[in-house]
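Breakdown of the fold
Letter by letter, the chains look like this.
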Amino acid sequence: MDEAVQIVNTIKKGQISPIYFLFGEEAYFIDKISDYIGDKVLTEEEKGFNQMVLYGRDVSIDDIVGNAKRYPMMAERQVVIVKEAQHLSRTIEQLCAYAENPQQSTVLVICYKYKKLDKRKKLFKIIKKNGVIFESKKLYENQVSDWLRKHLLSRGYTISHKASNLLVEYLGTDLSKISKELEKLKLALPQQTEITPEHIEEHIGISKDYNNFELKRAIGERDMLKATKIITYFAQNPKDNPFILTVTLLNSFFMQLLQYHGLSDHSPKNVASALRINPYFVSEIQAAARNYPMKKVSAIISSLREMDLKGKGVGAVTMSDADLLKELLYKII
């Protein structure tokens, strides 16, 4: 995150490199950097003749180099952005010749999503020397919560821990998806607002009381009544609460409990670091660990894998989501 901000700040200062190679699993930061270059490096008047967007599935390395070697018209620079460059993975090393001596009046942006560029290869070393290379790594769940709070704070909002976790539990770690949902909140709420679960329920449609976050907590506390109410709601709203997602999230939770039991140091700081969770939620893990000893956790993980197969139709073709959820809760508690 910090490296992406640093790249943007450097461009703001007018320190612009001839090549930006953006790669990695997290598309959000790649899009943000390439969009910023596309929006800010040239004026609106200059863009007409001097800005080009190419797509990896439609062009070759020769096409990219040919466009990059053009001279700008009535402008200091031209910008060439190559989106979906991962489709050129078999030939990407052919960019070496251009990268060794890039056109200084061209800003070439390569968006190489969901793939890695081998750091041992010549291309990586040349671009690192003559341009900017940025790896956009997938964030862990606790890192997404931190990113979410910083993102909102920079735009004049705050968010409660529960609301933040609710978004991450429901939307996963896809920053692009989370960002789109945050836009809904920013359109509906004035700045200086603290975003709460009630806001998320009203404007995004995620129930503040009946969600996987609350189910996980109820199961951790062995609160059978609350857990039953939640799975009943899930059964009545299967499209919004798919069974497979519930099993996956619960499996992650019990895998964390298994890891917790294996730790020799159960201090909050060490638990948060080892399990890659926000320190705010360590007490939840500790409480669940008291209710579920290691042997029980191992048995539950085995049952969750069995339920995952049933949810996919293996050995349980006639079972409804309601029946699957009831059996799931029975096996756990």
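In this section: the overall build of the protein chain. When helices and strands are counted, the protein chain shows 17 helices and 7 strands. In terms of overall dimensions, the protein chain has C-alpha extents of about 70 × 45 × 45 Å along its principal axes. Within the protein chain, the fraction of its 333 residues that count as buried is 49%. Of the contacts made within the protein chain by residues no fewer than 6 positions apart, 75% connect residues no fewer than 24 positions apart. Here the protein chain has roughly 17,200 Å² of accessible surface; of this, 50% comes from carbon and sulfur atoms. One finds the centroid of the 48 positive side-chain charges in the protein chain at a distance of 5 Å from the centroid of its 41 negative side-chain charges.

With that settled, consider the pairing of strand β2 (residues 51–55). If a strand is regular, its side chains alternate between the two faces of the sheet. Pairing of β2 with strand β3 (residues 78–83) involves 5 bridges; the strand directions are parallel. Each bridged residue has a counterpart across the sheet, and for valine 53 the counterpart in β3 is isoleucine 81.

Moving on: the pairing of strand β5 (residues 132–135). Burial along β5 is two-sided: the residues Val132 and Phe134 and Ile133 and Glu135 are all buried. Pairing analysis gives 4 bridges linking strand β1 (residues 19–24) to β5, with the strands arranged parallel. Within β5, the residue paired with leucine 22 across the bridge is phenylalanine 134.

Summarising the element assignment, isoleucine 92 is placed in the loop between β3 and α5 (96–100). Assessed through its relative accessible area of 4%, isoleucine 92 is described here as buried. Separated by 20 residues in the primary sequence, isoleucine 92 and tyrosine 112 have C-alpha atoms spaced 9.8 Å apart. With near-sequence residues (within four places) excluded, isoleucine 92 lies in contact with Phe21, Ile61, Tyr112, Leu117 and Leu123.

A complete count under the given rule lists 0 disulfides for this structure. Here cysteine 111 stays unpaired: no disulfide links it, and the sulfur of cysteine 96, its closest cysteine neighbor, is 19 Å away.

Take the nonpolar core next. Tyr20, Ile37, Leu148, Leu167 and Ile200 are the most contacted members of the largest nonpolar core, which has 42 residues in total. By residue number, the principal contributor to this core is helix α2 (residues 27–40), which donates 6 residues. Listed in part, the 34 residues of the second largest apolar core include Phe243, Val271, Ile285 and Tyr292.

Moving on, we get to the packing of helix α11 (residues 212–220) against helix α15 (residues 282–291). Across the interface, α11 lies against α15 with an axial gap of 8 Å and an inter-helix angle of 45°. When the axes of α11 and α15 are compared, the pair comes out oblique. When α11 is examined against α15, the residues Phe213, Lys216, Arg217 and Gly220 are found in contact with a partner set consisting of Glu284, Ala287, Ala288 and Asn291. Of the residues that constitute the contact of α11 with α15, the class distribution is 3 nonpolar, 2 polar and 3 charged.

Moving on, we get to empty space enclosed by the protein. Empty pockets left among the atoms are what a rolling probe the size of a water molecule brings to light. For the structure shown, the criterion picks out 1 cavity of 30 Å³ or more. Taken as a whole, the largest cavity holds about 30 Å³ of empty space. Forming the boundary of the largest cavity are Leu166, Glu169, Tyr170, Asn211, Asn212, Phe213 and Asn241. When residues of the lining of the largest cavity are traced back to their parent elements, those giving at least two are α8 (161–171) and α11. Looking at side-chain class alone, the lining of the largest cavity contains 3 nonpolar, 3 polar and 1 charged residues.

For helix α9 (residues 175–188), which comprises 14 residues, the first-to-last C-alpha distance of 20 Å matches the rise-based estimate of 20 Å (1.5 Å per residue) to within 8%. Those residues of α9 that sit buried are Leu175, Ile178, Ser179, Glu181, Leu182, Leu185 and Lys186. Around the axis of α9, the buried residues are gathered within 170° of arc, so they sit on the same side. For α9, exposure combined with an orientation more than 90 degrees from the buried face picks out Lys180 and Leu187. One side-chain oxygen at the N-terminal end of α9 lies 3.0 Å from the backbone nitrogen of serine 176; it belongs to aspartate 174.

Next up on the list: the pattern of salt bridges. Tallied over the entire structure, the rule returns 20 salt bridges. Ionic pairing is found between arginine 217 and glutamate 284, a salt bridge with its closest N-O pair at 3.9 Å. A residue pair is termed long-range when its members are at least 10 positions apart, and arginine 217 in helix α11 and glutamate 284 in helix α15 qualify at 67 residues. The salt bridge partner of lysine 331 is glutamate 306, with a shortest N-O separation of 3.7 Å. Residue lysine 331 is located in helix α17 (residues 321–332), and its partner glutamate 306 is located in helix α16 (residues 294–311); the two are separated by 25 residues in the primary sequence. On the basis of relative accessible area, glutamate 306 is assigned to the partly exposed category, the value being 35%. It is possible to trace a salt-bridge network through shared partners that takes in Glu306, Lys310, Glu327 and Lys331.

Calculation criteria
- Residues numbered from 1 in each chain as written.
- Predicted model: local features only at pLDDT ≥ 70, side-chain atom pairs only at ≥ 80, totals over all residues.
- Heavy atoms only, no water.
- Helix = DSSP H or I, 4+ residues; strand = E, 2+ residues; numbered from the N terminus.
- Buried < 20%, exposed > 50% of the residue type's maximum accessible area, 1.4 Å probe, protein only.
- Contact = heavy atoms within 4.5 Å.
- Areas by Shrake-Rupley, 256 points an atom, 1.4 Å probe, with all protein chains shown as cover.
- Lys, Arg positive; Asp, Glu negative; His and termini not counted.
- Charge placed at Lys NZ, Arg CZ, Asp CG, Glu CD.
- Pairing = 2+ DSSP bridges.
- Disulfide = S-S within 2.5 Å.
- Core = buried A, V, L, I, M, F, W, Y, C linked by side-chain atoms within 4.5 Å.
- Axes fitted to C-alpha atoms, helices over the stretch in contact; angles between N-to-C directions.
- Parallel < 35°, antiparallel > 145°, perpendicular 65-115°, else oblique.
- Nonpolar A, V, L, I, M, F, W, Y, C, P; charged D, E, K, R; others polar.
- 1 Å grid on protein atoms, 1.4 Å probe; cavity = no way out; pocket = protein on both sides within 12 Å on 5 of 7 lines; lining within 4 Å.
- Points joined across faces, edges and corners; volume = space filled by probe spheres on them.
- Expected span 1.5 Å × (residues − 1).
- Arc of directions from axis to C-beta.
- Polar contact = N/O pair within 3.5 Å; in protein donor to acceptor, adjacent residues only side chain to side chain.
- Salt bridge = Lys/Arg side-chain N within 4 Å of Asp/Glu carboxyl O.

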